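Chain by chain, the residues run as shown.
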Amino acid sequence: MPYNRVEITRPKGINVDLSPYELPNDLFSDGKNVTFQNFRTQVSDGYKQVFTDTTVKPIFMQPWTDFLQEYWFYADEDSIFRTQGTTQLNVTRLSGAYNTTLNAGWTGANFNGALIMSNPNDEPQFFNVNTAKMEDLPAWPADTTCATVRPFKNYLIALNIVKSSVNFENMVKWSDSVDAGGVPQSWDEADPSTDAGENILADSEGRVIDGVALADTFYIYKSDSVWGMNFVGGKFIFNFRKVFNSGGALSQDCVVEFNGKHFVVGINDVYVHDGSSKKSVISNKFKSMLYGQISESSISNIKAVGDHTNKEIWIYFPNTKSLTGQANTAIVYNYEVDEWTQREIPELTHISVGTINPQEPDDWDDSDLSWDNSSKSWGGENYNPSITSLLIADYNNNKFYQGNETRTFDGASYTGSVERIGIDFGDDLGFKYINSVTPHFSGGGTVDIYIGTESKQGEGVTWSAPVSFEVGVDYKANFRASGRYIAIRFESTSDNLWALTGYTLEYTNKGIR
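Residues numbered from 1 in each chain as written. Predicted model: local features only at pLDDT ≥ 70, side-chain atom pairs only at ≥ 80, totals over all residues. Heavy atoms only, no water.

Q: Break down the overall build of the protein chain for me, with residues and values.
A: What the protein chain contains, in helices and strands, is 1 helix and 42 strands. Over its C-alpha trace the protein chain gives a radius of gyration of 26 Å, about what one expects of a compact globule, namely 24 Å for 513 residues. Residue burial in the protein chain is summarised as follows: out of 513 residues, 56% are buried. Restricting to contacts in the protein chain with at least 6 residues of sequence separation, those with at least 24 account for 60%. The averaged location of the 65 negative side-chain charges in the protein chain is 7 Å from the averaged location of its 40 positive side-chain charges. (Helix = DSSP H or I, 4+ residues; strand = E, 2+ residues; numbered from the N terminus. Rg over C-alpha atoms; globule rule 2.2 N^0.38 Å. Buried < 20%, exposed > 50% of the residue type's maximum accessible area, 1.4 Å probe, protein only. Contact = heavy atoms within 4.5 Å. Lys, Arg positive; Asp, Glu negative; His and termini not counted. Charge placed at Lys NZ, Arg CZ, Asp CG, Glu CD.)

Q: Please set out the sheet that holds strand E8 (residues 60-65) residue by residue, giving values where relevant.
A: One open sheet holds the 4 strands; their spatial order is E8-E9-E10-E11, and the pairing between them is antiparallel. Of all strands in the sheet, those bounded by a partner on one side alone are E8 and strand E11 (88-90). Ignoring strand direction, the axes of neighbouring strands in this sheet form an average angle of 30°. Both strand E9 (residues 70-75) and strand E10 (residues 80-83) contribute to a ladder of 4 bridges, which runs antiparallel. (Pairing = 2+ DSSP bridges. Axes fitted to C-alpha atoms, helices over the stretch in contact; angles between N-to-C directions.)

Q: For the environment of Asn121, give the residues involved together with the corresponding values.
A: Structurally, Asn121 can be placed in the loop between strand E13 (114-118) and strand E14 (125-128). On the basis of relative accessibility, which here comes to 39%, the residue Asn121 falls in the partly exposed class. Spatially, the C-alpha atoms of Asn121 and Gly105 are 9.6 Å apart, while their sequence positions differ by 16 residues.

Q: Quick one: what's the story with the sheet that holds strand E25 (residues 261-265), residue by residue and with numbers?
A: Pairing is antiparallel in the open sheet, where 4 strands are placed in the order E24-E25-E26-E27. If you trace the sheet from one side to the other, it starts and ends with strand E24 (255-258) and strand E27 (278-280), each paired once. Recorded for the sheet is a direction-independent mean angle of 25° between the axes of neighbouring strands. Across 4 bridges, E24 lies against E25 in antiparallel orientation. By the bridge assignment for E25, Phe258 is matched with Lys261.

Q: Can you break down the pattern of salt bridges residue by residue, with the values?
A: As enumerated under the stated definition, the model contains 20 salt bridges in all. For Arg93, the salt bridge goes to Glu123, with nearest N and O atoms at 3.2 Å. Of this pair, Arg93 sits in the loop between E11 and strand E12 (107-111) while Glu123 sits in the loop between E13 and E14, and the two are 30 residues apart along the sequence. Look at Arg93 and you get buried, because its relative accessible area is 10%. Here Glu123 falls in the partly exposed class, since its relative accessible area comes to 30%. Ionic pairing is found between Lys285 and Asp338, a salt bridge with its closest N-O pair at 3.5 Å. You can see Lys285 sitting in the loop between E27 and helix H1 (287-293) and its partner Asp338 sitting in the loop between strand E30 (329-334) and strand E31 (339-343), a full 53 residues away along the chain. What makes Lys285 buried here is its relative accessible area of 15%. (Salt bridge = Lys/Arg side-chain N within 4 Å of Asp/Glu carboxyl O.)

Q: How would you explain a nonpolar patch on the surface if you had to name every residue and give the values?
A: Nonpolar side chains collect at one region of the surface, where Val166, Phe168 and Ile200 lie side by side and expose about 230 Å² of accessible area between them. Relative to the elements of secondary structure, Phe168 occurs in strand E18 (residues 166-174). (Patch = residues over 30% accessible without salt bridge, like charges linked within 9 Å, V, L, I, M, F, W, Y side chains within 5 Å. Areas by Shrake-Rupley, 256 points an atom, 1.4 Å probe, with all protein chains shown as cover.)

Q: How would you summarise the pairing of E30 if you had to cite specific residues and measurements?
A: Extensive coverage of E30 is indicated by the burial of 6 of its 6 residues. The two faces of E30 match: Thr329, Ile331 and Tyr333 on one face and Ala330, Val332 and Asn334 on the other face are all buried. Sheet topology note: the strand E29 (residues 312-317)/E30 ladder contains 6 bridges and is antiparallel. Looking at the pairing, Trp314 lines up with Val332 of E30. Relative to E31, E30 is paired through 5 bridges, and the arrangement is antiparallel. In the strand pairing of E31, Ala330 is matched with Arg343. Connecting the antiparallel pair E30 and E31 is a turn made up of 4 residues, with Asp338 showing a positive phi of about 60°.

Q: Break down unusual backbone geometry for me, citing the residues and quoting the values.
A: The backbone phi angle of Phe39 is positive, close to 60°, even though this residue is not glycine. Considering the arrangement of structural elements, one finds Phe39 in the loop between strand E5 (34-35) and strand E6 (41-43). For Asp410, which is not glycine, the phi torsion reads 50° and is therefore positive. Structurally, Asp410 is set in the loop between strand E34 (399-403) and strand E35 (415-423). Residue class for Asp410 comes out partly exposed when judged on its relative accessible area of 34%.

Q: Break down the packing of aromatic side chains for me, citing the residues and quoting the values.
A: Applying the stated criterion across every chain, the model contains 32 aromatic pairs. Centre to centre, the rings of Phe73 and Phe127 are 5.0 Å apart; their planes meet at 70°, and the pair counts as edge-to-face. In this pair, Phe73 is assigned in strand E9 and Phe127 in strand E14, connecting sequence segments 54 residues apart. Measuring from centroid to centroid gives 5.5 Å for Phe152 and Phe218, while their planes differ by 45°, and the two rings are tilted. Of this pair, Phe152 sits in strand E16 (residues 144-152) while Phe218 sits in strand E21 (residues 217-222); the two residues are 66 residues apart in sequence, bridging distant segments of the chain. Residue classification places Phe218 among the buried residues on the basis of a relative accessible area of 0%. Residue placement shows Lys57 over the ring face of Tyr395; its charged tip is 5.8 Å from the ring centre. Between the NZ or CZ atom of Arg489 and the centre of the ring of Tyr450, over which it lies, the distance is 5.1 Å. (Phe/Tyr/Trp six-rings, centres within 6.5 Å; stacked < 30°, edge-to-face > 60°. Lys NZ or Arg CZ within 6 Å of the ring centre and 35° of its normal.)

Q: Tell me about the side chain of Arg150, residues and numbers included.
A: Inspection of the secondary structure assignment puts Arg150 in strand E16. Judged by relative accessible area, Arg150 falls into the buried class, the value being 8%. From its side chain, Arg150 meets the backbone oxygen of Gly108 in a polar contact 3.3 Å long. If we skip the residues at most four places from it in the chain, Arg150 touches Thr107, Gly108, Tyr155, Leu156, Ile157, Asp210, Gly211, Phe218 and Asp253. (Polar contact = N/O pair within 3.5 Å; in protein donor to acceptor, adjacent residues only side chain to side chain.)

Structure representation (structure tokens):
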């Protein structure tokens, strides 16, 4: 009897929300530690420790440069330190310790060459290069705090203001304008000689969560809506308009700019907008998984970060099993293929993006990655003196890790896998006998291939023993398995450098039972 052959080309993502029995063949129904860059399925890179151990347990990091040296500033609940990788310098303000918490956290930004950091319980801070200490922003009003401070054009924007213990959670406050190289010298909205001002966004009940610039608009994210803030000059300085009546942002640092758009983790959806229209990028893909696992007590610790080298945006968060409030789960959106995957992560408090100066040469000639399978940008020179990458904060162990680097989790091997269940070849009545799998691999290494079967939906997959497939040597993997619904799994340890562009299932029909 001749065999039927069904080829699945360029599987491009994982979908855990919809029934696997209804998915198109080019989607996997589960997986971990894989990426889909360049429309190929491959094991994701791991992470390794960089820099010496931190002096305090980091809950936030912010890169900064004086244009002579790259630095990272990091903070715990009551202090701030600066490091260039080997030396830890205490730059905490001279007036005393800070008063934030793990859940309240910090935010930061670079403005006109100055480092700005803020938390909801203390005066906003800037780094004074002359004293090598953090200091209160000049002329910041007394008895006033804010949820965060963000830059926009030549202004600093403070959001969700507390004055004399009264919370104006809908207030937006902006500084006087400032020339390049400085920080604002006035926040006095009553002084007509300055541009400083404030406004209440009272048209919706939600509180102001965060704000991020996009082109010529500063978008203010409330818990129930999105507003636009535009410079108009004159008496009013800025005008305000409601852009979207829904969406908002779930917590601070849940907005990432990419390709002239904002990616936003909202209160009940993850969406992308360009200022005029928005669309969900997670609905019927990972939405139920994400919002079903969020720990209500740790909502403020849900964050997003862009890894634009790999055209990915990470959402990392503490799920309902987290006992510490630290993030222990990550899902990753690839905006090139418009699909999702998931990654294993250590317990962590923050991920930032910036320049990481290695202590040893990044020598492509000595790398174990192949040109075809590397996710890095390969250049012409052998030495790359600085790398822009993810920096991960390990609060428990006082460590920083460089993300998407090496093929281990800080020295420990890990497993990457994808699987698809519920394949019926358009026939949900007949049984099929699987004869072989012909995977389309590039790269090298060994991959374990499994075939699974079910006689009815939801019965539970019975998996075969794995067939070890050596990439570049073997042609196909042979099986003897039959069922009404077919499943397939590809799995390997992290030191195998393969990329899967598709596979062909060879089968015969066994009739209806």
